[in-house]
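Coordinates in review
The residues making up each chain are set out below.
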Amino acid sequence: MRRSLARPLALVLTLVAASACLGDLRDALADATPRERYEAALEAAELDSSAMVRRWRHAAERARDSALDIRAPFIEEGYLAPERGEARGYRIPVRRGQELAVRFSLRGAGAAMVFLDLYEVPEAGAEALEHLASADSGAGELAHEIRRDGSVVLVVQPELLSGGRYEISVSLAPTLGFPVSGYDPGAIRSRFGADRDAGRRRHEGVDIFAPRGTPVVAAAGGLATWVGDNELGGNVVMVRDRERGEGHYYAHLDTQLVAEGSIVSAGDTLGLVGNTGNARTTPPHLHFGIYLRGRGAVDPHPYLVPPDTSAAAPTADLALVGAWIRTRSASGELAPAPGIPGDTLPPSTVLRATGATGAWFRVELPDGRGGYVRAQRVVRAEPLGAAPGGLEVLERPDSLAVAIATTSESARAEVLGRFQSFDMIRLPDGMTGWVAR
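Residues numbered from 1 in each chain as written. Predicted model: local features only at pLDDT ≥ 70, side-chain atom pairs only at ≥ 80, totals over all residues. Heavy atoms only, no water.

What about unusual backbone geometry?
Most peptide bonds adopt trans geometry, and most residues besides glycine take a negative phi value. For the peptide bond that leads from Ala72 to Pro73, omega is 5 degrees, which places it in the cis range. Considering the arrangement of structural elements, one finds Pro73 in the loop between strand S1 (68-69) and strand S2 (74-80). A positive phi is found at Leu161, a non-glycine position, where the angle reads about 60 degrees. Residue Leu161 is classed as buried on the basis of its relative accessible area, which comes to 6%. Positive phi, close to 55 degrees, is recorded for Gln420, a residue that is not glycine. Considering the arrangement of structural elements, one finds Gln420 in the loop between strand S32 (413-419) and strand S33 (422-426). The exposure class of Gln420 is exposed, given its relative accessible area of 53%. (Helix = DSSP H or I, 4+ residues; strand = E, 2+ residues; numbered from the N terminus. Buried < 20%, exposed > 50% of the residue type's maximum accessible area, 1.4 Å probe, protein only.)

Okay, here's the thing in structure tokens:
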């Protein structure tokens, strides 16, 4: 099926795209995402109303609206069935000041395009996800700097009739350089929000301890809008980072080495570590703060410190990815994210393994619900016994589903597992279906 449809479809889309380059469609799609341009080409080719395209679009919507929770850094290996037009959705907690990086590779798909789209989860009361970024057309990499604490949703989907084995990695990294030369985040000894003056105020930055005279360098480029002093900070420098709309505040300097009004680049020396201002009784250190206009101070920690964990490579049996599996004789658990308590699954519940991360399988239940199960709690869905003859075989575990066959007394149909009040069976010709228990 794929060989007979994929080439004509690609040819149609190529011709449509070529003609669009000369007409109004090109202008209308100048700022569109790669997915939007692809969907516009489908519509121009009058393919958008086909059942195949509708299923493909619905898979992306479902992946976006029912994305599973993960935490970066994250690695998953999985399988996307080409004939199902599948997509994957990931919901990721993020902090302002981090850069989210995604890398996706699809094996055995030739020159297939892959769409990577990133959405911001709205604050309470907002109605819809807001599009943030998309990977370049056909690219398997996406990087985006986070501008608000919260969560984002990543949707990954190949073009029509494409799929296969994939690997995805998701990571977070700080966006600013470390502001004390020769030191790293291990030198941070006081965090944002700590009490000061017996609780009368809070700490609006991080303190980075280093010997007096250590160079203080610009964490990012910008304009030195203030080089002066005040009672709390002593000798200070404020650099306006116009790209991010932030003020970067360097305080307790022993000496300032930049002039007000200077344009500085990341890594330029601004001054030397000291303990001026209200730090006279403490060892020399840099107080580094970040301020937003109209909002005040924000936590610099995500801007400077990478996550302190590493991604767990899959240890689950990758041979089961893409196959039907079932829970063992003891009850399993469908978790919303690896390591998070979830719902109990009865023994012998069947699931389709769609991916693996660490010691967990990403799975999909027959009713479409998704989640994660521990690899040690499941086995391949091998025969449990024979199904009686004369039973109506349904397309899915639903009494209203279409009947696709009838079990025979002479030809053995094997029971592979259970879901709710149905048994999943495999007919002698290899086709699978469902019978009521």
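Details of helix H4 (residues 51-65)
One full turn of an α-helix is made of 3.6 residues, so residues set three or four places apart face in the same direction. The terminal C-alpha atoms of H4 lie 21 Å apart, and with 15 residues this matches the ideal 21 Å at 1.5 Å per residue to within 8%. Among the residues making up H4, those that are buried are Val53, Trp56, Ala59, Ala60 and Ala63. Along H4, the residues classed as buried sweep out an arc of 120 degrees about the axis, all on the same side. Buried-residue contacts for H4 involve helix H3 (34-44), strand S3 (88-94), strand S5 (114-120) and strand S8 (150-158). (Expected span 1.5 Å × (residues − 1). Arc of directions from axis to C-beta. Contact = heavy atoms within 4.5 Å.)

Some points on the sheet that holds strand S6 (residues 130-134)
In spatial order, the strands read S1-S3-S8-S5-S6; together these five strands make up an open sheet with mixed pairing. Each edge of the open sheet carries a strand with a single partner, namely S1 and S6. Both S3 and S8 contribute to a ladder of seven bridges, which runs antiparallel. Its bridge partner being in S8, Gly89 is matched across the sheet by Val155. Against the sheet, H3 makes contact with S5, S6 and S8, and its axis sits at roughly 125 degrees relative to S5, the strand it touches most. Of the strands in this sheet, S3, S5 and S8 touch H4, which is tilted by about 160 degrees from S8. (Pairing = 2+ DSSP bridges. Axes fitted to C-alpha atoms, helices over the stretch in contact; angles between N-to-C directions.)

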